[in-house]
Amino acid sequence: GENVEQHPSTLSVQEGDSAVIKCTYSDSASNYFPWYKQELGKRPQLIIDIRSNVGEKKDQRIAVTLNKTAKHFSLHITETQPEDSAVYFCAATFSGSARQLTFGSGTQLTVLP
Amino acid sequence: NAGVTQTPKFQVLKTGQSMTLQCAQDMNHEYMSWYRQDPGMGLRLIHYSVGAGITDQGEVPNGYNVSRSTTEDFPLRLLSAAPSQTSVYFCASSYFLWDTQYFGPGTRLTVL
């Protein structure tokens, strides 16, 4: 079936450093790629998304890049802060099941003060 | 707006029991879905609906039923609970799939 692989599963960075999380997908026709943040004990919340007709999108300290040829997209967080500590999930839609989102397995990001 | 609400927040069942997890949204969203979240496995889609009267299976539908009689409500029924269904269940809604998914607070289910 369709698959989204997410790496790394855990990531620790020093406060102020950058963090990068990468996801690869299997369907070249995928066209929507959101990222969700889930704090401990809370519900997932959308932080940024990108569509296949765009290569990069930024929102303050957060950016997402998309490489359709290589079938991967990445989340970049700059100037990390302790409140960025959370689990981050990538997701993608697939042409064969265009009404579903498939999520990656998540990355636990820890920002060390 | 209350957004997406789920009840109950916690539930303990015995193997073989049945129950219904409730989900409601007041944002007039057409798309609703149910996910289960297990450690290290992300969010896996159980069932989804693109509008009242229309439902379809997701990645892990076995052991679960859904119905969508109104735009607002999307209950998830466990037919005969099994320990493998111990999980955190999230309901989500959006105007359409390629849009912000608003998640409910979740239901933590334990099956003994």
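Below you will find a few notes about this structure.

**Some words on the packing of aromatic side chains**
Turning to step 1, where the next piece is worked out: Counted under the stated rule, the structure contains 11 aromatic pairs over all chains.
Turning to step 2, where the next piece is worked out: For the ring pair Trp35 of chain A and Phe73 of chain A, a centre distance of 5.6 Å and an interplane angle of 65° mean the geometry is edge-to-face. Note that Trp35 of chain A is positioned in strand 4 (residues 32-38) and Phe73 of chain A in strand 8 (residues 72-77), a separation of 38 residues in sequence. Each member of the pair, Trp35 of chain A as well as Phe73 of chain A, carries the same accessibility label: buried.
Turning to step 3, where the next piece is worked out: Taking the centre distance of 5.6 Å and the plane angle of 85° together, the rings of Tyr36 of chain A and Phe103 of chain B count as edge-to-face. Here the residue Tyr36 of chain A occupies a position in strand 4, and Phe103 of chain B occupies one in strand 10 (residues 102-103), the pair thus bridging two chains.
Turning to step 4, where the next piece is worked out: Of the residues examined, Phe103 of chain B reaches a relative accessible area of 3% and is grouped as buried.

**Let's talk about the state of the cysteines**
Residue and element names in this part refer to chain A.
Turning to step 1, where the next piece is worked out: Tallying each qualifying case throughout the model produces two disulfides over all chains.
Turning to step 2, where the next piece is worked out: One disulfide bridge connects Cys23 with Cys90, the sulfur atoms lying 1.9 Å from each other. When the S-S torsion is -100°, as for the bridge of Cys23 with Cys90, the disulfide is left-handed. Remark: Cys90 occurs in strand 9 (residues 86-94) and Cys23 occurs in strand 3 (residues 19-25); sequence separation between them is 67 residues. Accessibility classification places Cys23 together with Cys90 in one group, the buried group.

**What to know about the interface of chain B and chain A**
Turning to step 1, where the next piece is worked out: Facing the 24 residues of chain B at the interface are 18 residues of chain A.
Turning to step 2, where the next piece is worked out: In total, chain B and chain A occlude about 1800 Å² of area from one another, counting both sides; carbon and sulfur atoms represent 57% of this.
Turning to step 3, where the next piece is worked out: Here chain B is connected to chain A by zero salt bridges.
Turning to step 4, where the next piece is worked out: Between the two partners, chain B and chain A, sit seven residue pairs in polar contact (both at pLDDT 80 or more).
Turning to step 5, where the next piece is worked out: Looking at the side of chain B that touches chain A, the elements that each hand over two or more residues are strand 4 (31-37), strand 5 (43-51) and strand 6 (54-57) of chain B.
Turning to step 6, where the next piece is worked out: Considering every element that reaches the side of chain B that touches chain A, the biggest residue donor is strand 5 of chain B, with four residues.

Thresholds, definitions, all that
- Residues numbered from 1 in each chain as written.
- Chains lettered and ligands numbered in written order.
- Predicted model: local features only at pLDDT ≥ 70, side-chain atom pairs only at ≥ 80, totals over all residues.
- Heavy atoms only, no water.
- Phe/Tyr/Trp six-rings, centres within 6.5 Å; stacked < 30°, edge-to-face > 60°.
- Helix = DSSP H or I, 4+ residues; strand = E, 2+ residues; numbered from the N terminus.
- Buried < 20%, exposed > 50% of the residue type's maximum accessible area, 1.4 Å probe, protein only.
- Disulfide = S-S within 2.5 Å.
- Contact = heavy atoms within 4.5 Å.
- Buried area = accessible area lost by both parts, 1.4 Å probe.
- Salt bridge = Lys/Arg side-chain N within 4 Å of Asp/Glu carboxyl O.
- Polar contact = N/O pair within 3.5 Å; in protein donor to acceptor, adjacent residues only side chain to side chain.

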